[in-house]
Amino acid sequence: MPTVNVRDEELKFEDVVEKYPQIPRLLILKIDVQRRGVYYTQNVLDKIDPDVYQLIGSNVFFASLGARDPKTKSVPESLILRDGTIIITDPTPLDQNPYIVDYRDGKFVLLDRNEIVEEVDFWEKPDYYGKLTSSGTPMDSIVFARPQRLNITPTSYCYFWKNGNGCKYCDLVPHLKEDGVIKKKLTPQDAYETVREAIKQKGRFTNICMTMGSDFNGETPFDSEVDYYIEILQAIGENFKGRRFPSQVITTALNEKQLRRLYDETGLSSYTSDIEVLNEELFKWICPGKEEWVGYREWKRRLVAAVDIFGRGNVNSGIVGGVELAKPRGFKTEEDGLKHTLEEAEDLMSKGVSIVYIVWVPRPMSFFRNQKNASLEYYVKLTIGLNDLREKYKLRIDFDDYRRCGNHPNSDLLRIF
Ligand code: SF4
């Protein structure tokens, strides 16, 4: 059977669990499920009640990025394990050796080679899903829920694709073009009303995260992006009494003047700008749009400048874990990739910028479509290495942790360390 994710020489899930007893088994399982994806049996799909569970949805501005299996629709948004660990993953064709989600003896379960590995459940549908704003827009089509966070993507397009300089692991624009949703833009009023409705649900949401593709337009590059974030954040902020509200934006790396505007003109409480890969040469190759408009060293410098404005513990940067091994220019061995990534991560963390990673998924519509992500052991070592650095520099990542985001295995460790 052809596989892209399973390599016989690698340690398997149970071997990795045994080798790293300091890391919870369910966290290692999460990472492996993210690496390999999932396949939902018809038996499961027949049992999913759409009135109870959140299904992959109808977000008109973003949706999720393209699934590894684009043919699969109406499946659960994602998974949750019995300790509350969130797994953000997507449907994957059977020939890529995903975990199987099945229904057996009255329970939803994760299977590997037809053996039950773990019980699993799905995210509950929030109360605001199915409701409309005063303009008639379905609220769940503009604000997407994670178990404890509201995700807002006010517009879909990333301008780095205009001259073909999108990031090489990213399929956002090709995916959106296929879905025909590229021109839609969220209005401040719809954003205000949807957040107002969502936070009526007691005990559910603890943070609001907003992100969109990069927009280099404006007098100074990215002024347009900043203006739009400010407009939407101000509208959302009308729902809160305090000066600041629990919130995060993930923007292009902005200059000090733009950062200052974001902080002073809105109630935003934390700031993220994803550097994606922690190596200057690989950044130039993998993220050519980011290189063209900002550059690696300037990206790092701006992240550090953001700490002075938003405060220590309120700034971080995301990387696509494993993409540093992409062929042909990536690190040739996992050992090298890990060493260099952690060295660069330490440089930023020592200056107050936390680093979180997501598991790289070589998506079918991205430039890296036929590549393999890293071994499970590599991701476990990356999780440990980044968490050790976070402890060394005494950084908090509360705004982007297992509860609020749930997509960063290293911030899952905040629960226990
Ligand atoms: S900045 Fe890179 S990762 Fe983000 S949307 Fe644009 S191309 Fe994709």
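Residues numbered from 1 in each chain as written. Predicted model: local features only at pLDDT ≥ 70, side-chain atom pairs only at ≥ 80, totals over all residues. Heavy atoms only, no water.

J.: Before we go on, may I ask you to explain the site of the ligand in this structure?
T.: Around the ligand, the structure places Cys 158, Phe 160, Trp 161, Gly 166, Cys 167, Tyr 169, Cys 170, Leu 172, Ser 214 and Lys 290. Among the residues forming the shell around the ligand, the class breakdown is seven nonpolar, two polar and one charged. (Near = heavy atom within 4 Å. Nonpolar A, V, L, I, M, F, W, Y, C, P; charged D, E, K, R; others polar.)

J.: Help me understand the packing of helix 6 (residues 223-237) against helix 7 (residues 256-265) in this model?
T.: Helix-helix packing is characterised by the crossing angle of the two axes and by the distance between the axes. Close contact between helix 6 and helix 7 brings their axes to 10 Å; oriented N to C, the two are set at 10 degrees. By the angle class used here, helix 6 and helix 7 are roughly parallel. Across the interface between the two elements, Asp 223, Val 226, Asp 227, Tyr 229, Ile 230, Leu 233 and Gln 234 of helix 6 pack against Gln 258, Arg 261, Leu 262 and Glu 265 of helix 7. Tallied by class, residues from the contact of helix 6 with helix 7 come to five nonpolar, two polar and four charged. (Axes fitted to C-alpha atoms, helices over the stretch in contact; angles between N-to-C directions. Helix = DSSP H or I, 4+ residues; strand = E, 2+ residues; numbered from the N terminus. Parallel < 35°, antiparallel > 145°, perpendicular 65-115°, else oblique. Contact = heavy atoms within 4.5 Å.)

J.: Sorry, what's going on with the nonpolar core here?
T.: Nonpolar side chains in soluble globular proteins tend to end up buried together. Counting 117 residues, the largest nonpolar core has Leu 110, Tyr 169 and Leu 262 as its most contacted members. In this structure Tyr 169 touches Glu 276, Ile 286, Cys 287, Val 320, Val 323, Trp 360, Ser 366 and Phe 368, once residues within four positions along its chain are discounted. (Core = buried A, V, L, I, M, F, W, Y, C linked by side-chain atoms within 4.5 Å. Buried < 20%, exposed > 50% of the residue type's maximum accessible area, 1.4 Å probe, protein only.)

J.: Before we go on, may I ask you to explain the side chain of Asp 32 in this structure?
T.: Among the secondary structure elements, Asp 32 is positioned in helix 2 (residues 25-36). Judged by its relative accessible area of 2%, Asp 32 is buried. Within the local environment of Asp 32, its side chain forms a polar contact with the side chain of Tyr 99, the two groups lying 2.6 Å apart. In this view, Asp 32 contacts Phe 13, Tyr 99 and Leu 376; residues no more than four positions away in its chain are not counted. (Polar contact = N/O pair within 3.5 Å; in protein donor to acceptor, adjacent residues only side chain to side chain.)

J.: Would you take a moment to explain the sheet that holds strand 10 (residues 207-211) for this structure?
T.: The pairing of strands in a sheet happens through backbone hydrogen bonds and is either parallel or antiparallel. Ordered by their spatial adjacency, seven strands build an open sheet running 8-9-10-11-12-13-14, and the pairing between neighbours is mixed. Edge positions in the open sheet fall to strand 8 (143-146) and strand 14 (354-359), since each of these has one partner strand only. The sheet contact formed by strand 12 (residues 271-272) and strand 13 (residues 315-321) spans two bridges and is parallel. Among the inter-strand pairings, Tyr 271 is bridged to a residue of strand 13, identified as Val 315. The strands touched by helix 6 within the sheet are strand 9 (149-152), strand 10 and strand 11 (247-250), with strand 10 carrying the most contacts at an inclination of about 160 degrees. (Pairing = 2+ DSSP bridges.)

J.: I would appreciate a short explanation of the packing of aromatic side chains in the present structure.
T.: What the rule picks out here adds up to 23 aromatic pairs. Ring geometry for Phe 222 and Trp 293: centres 6.4 Å apart, planes at 75 degrees, overall edge-to-face. Taken as a pair, Phe 222 in the loop between strand 10 and helix 6 and Trp 293 in helix 9 (residues 288-293) lie far apart in primary sequence, 71 residues in all. Aromatic side chains Tyr 263 and Phe 310 sit 5.1 Å apart centroid to centroid with 85 degrees between the ring planes, which places their arrangement in the edge-to-face category. Linking Tyr 263 in helix 7 with Phe 310 in helix 10 (residues 296-310), this pair joins segments that are 47 residues apart in sequence. Taking the relative accessible area as the measure of exposure, Tyr 263 reaches 22% and is therefore partly exposed. Cluster of aromatic residues (ring-pair linked, three or more members): Tyr 157, Tyr 159, Phe 160, Phe 216, Phe 222 and Trp 293. The cationic tip of Arg 36 hangs over the ring face of Tyr 99; the distance from NZ or CZ to the ring centre is 4.3 Å. Positioned above the aromatic ring of Tyr 263, the side-chain terminus of Arg 244 is 3.6 Å from the ring centre. (Phe/Tyr/Trp six-rings, centres within 6.5 Å; stacked < 30°, edge-to-face > 60°. Lys NZ or Arg CZ within 6 Å of the ring centre and 35° of its normal.)

J.: Help me understand the pairing of strand 13, please; the structure alone is not making it clear to me.
T.: Consecutive residues of a regular strand have side chains that alternate between opposite faces of the sheet. Burial analysis of strand 13 places seven of its seven residues in the buried class, the great majority of the element. The two faces of strand 13 match: Val 315, Ser 317, Ile 319 and Gly 321 on one face and Asn 316, Gly 318 and Val 320 on the other face are all buried. Sheet topology places strand 13 next to strand 14; six bridges connect them, and they run parallel. When the bridges of strand 14 are listed, Val 320 appears paired with Ile 358. Since strand 13 and strand 14 lie parallel, the crossover through helix 11 (residues 334-349) that links them has a hand, and here it is right-handed. (Right-handed = clockwise from strand over helix to strand, strands pointing away.)

Fair warning: the whole summary comes from geometry, so function is off the table for now.
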